[in-house]
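The residues making up each chain are set out below.
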Amino acid sequence: MPEVDVKQKVLAANQAAAASLREAFRAQKTLVVNLISSPGSGKTTLLEATVARMKGRFRLGGLDGDIATERDADRLRRAGIPARQILTGGACHLDARQVDAALAEEGDRLRGLDVLFIENVGNLICPTGYDLGEDFKVVLLSTAEGDDKPFKYPAIFSKASVTVLTKVDLLPHVDFDVAAVKSQVATLNPAGRLVEVSARTGAGMDDWCGLLEAELGKKRAS
Ligand SMILES: Nc1nc2c(ncn2[C@@H]2O[C@H](COP(=O)(O)OP(=O)(O)OP(=O)(O)O)[C@@H](O)[C@H]2O)c(=O)[nH]1
Ligand SMILES: [Mg+2]
């Protein structure tokens, strides 16, 4: 079978699994957020800081995709929420069937949550095309990575409803033009939102958590 047909079949199978996950999340009124970024741009750290702010008021859980180690799920469990690591066997993204299988194995621990965070495998390319049944994708870009990234990786910045600019505490120490990033994101994704955060100092965390709470409110009302 030609390579392009195989890829289309894989994506079609993923789409069917994602649709069934989305239906289950809709019935449970669980807001599902798919976090995507390069390795080390701060996904797990943002989640730890988010959990610290929201866990007393909301039922939260996490799935962490990686090719090796339980480290990120361990970090979320230490932060105080149920979390499961998904090891992809080398694949550079999560797919909907892996999410479905992980949720089934966790049973009640990850059912009926207010918010399920899915931390994808660290990279800006492969996770873009795989729907996981999420409400929206979030792309993170840290100030240490360079301000040219949205135009270099346009697909994810076009698709993600929210861009989170992380590590803004480092701005005095790096060459990073925030206005240039905002302009690229606005070009690629005019309806997209952008929040600037530092998980280290707490700057912008109110905006980020406020956005999540507003989206959860919409989900509950839908
Ligand atoms: N200065 C600063 N460092 C941060 C911030 N957020 C994360 N870091 C650091 O960045 C490094 C990587 O953070 P992680 O949260 O592990 O990154 P990640 O995106 O989850 O990485 P992968 O799971 O490997 O893709 C760690 O050393 C964090 O302490 C921040 O707001 N400011
Ligand atoms: Mg991580």
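Below is a summary of the structure that appears in this document.

As for the coordination of the magnesium ion (ligand 2)
- Listed as protein donors to the magnesium ion (ligand 2) are Thr44 (OG1), Asp72 (OD) and Glu119 (OE); their distances from the metal cover 2.0 to 2.1 Å.
- Classification of Asp72 by relative accessible area gives buried; the value is 12%.

Some remarks on the sheet that holds strand β5 (residues 136–142)
- With respect to topology, seven strands assemble into an open sheet ordered β3-β2-β4-β1-β5-β6-β7, the strand pairing being parallel. Looking at the sheet topology across the chains shown, the edges are occupied by β3 (83–87) and β7 (193–196). The sheet shows a mean angle of 20° between the axes of neighbouring strands, taken without regard to direction.
- As paired strands, strand β1 (residues 31–36) and β5 are joined by four bridges and run parallel to one another. Note on β5: the bridge partner recorded for Asn34 is Lys137.
- Helix α4 (residues 96–106) rests against β2 (60–66), β3 and β4 (115–119) of the sheet, and its axis sits at about 140° to β3.
- Its contacts with the sheet put helix α7 (residues 178–188) on β5, β6 (162–166) and β7, and the angle it makes with β7 is roughly 160°.

A word on the pairing of β6
- In terms of residue burial, β6 counts as a mostly covered element, since five of its five residues are buried.
- Neither face of β6 is left uncovered, since the one carrying Val162, Val164 and Thr166 and the one carrying Thr163 and Leu165 both have all their residues buried.
- Strand direction decides the pairing type here: β5 and β6, joined by five bridges, are parallel. Bridge pairing in β6 places Ser142 opposite Thr166.
- The pairing of β6 with β7 spans four bridges and is parallel. In the strand pairing of β7, Val162 is matched with Arg193.

Rules used in this analysis
Sequence order sets the numbering: in each chain, residues are counted from 1 along the sequence as written. The lettering of chains begins at A and the numbering of ligands begins at 1, in the order of writing. Reporting of local features is limited, given that this is a predicted model, to residues whose pLDDT is at least 70; pairs of side-chain atoms are given and counted only at 80 or more, and all residues count toward the totals for whole chains, interfaces and linings. Values shown for side chains rest on all heavy atoms present in the structure; no hydrogens or waters enter the calculation. Donors, by definition, are the N, O and S atoms found within 2.8 Å of a metal, the threshold being 3.2 Å for Na, K and Ca, and water is not counted, so a site can look incomplete. The rule is simple: take the accessible area with a 1.4 Å probe, protein chains only, and divide by the maximum for that residue type; under 20% is buried, over 50% is exposed, in between is partly exposed. Two strands pair if DSSP finds at least two bridges between them. Runs of E in the DSSP output that reach at least two residues are strands. Runs of H or I that reach at least four are helices, and both are numbered from the N terminus. Under this scheme, a helix contributes an axis fitted over its contacting stretch, all axes are lines through C-alpha atoms, and angles between N-to-C directions fall in the 0 to 180 degree range. Any two residues having at least one pair of non-hydrogen atoms within 4.5 Å are treated as being in contact.

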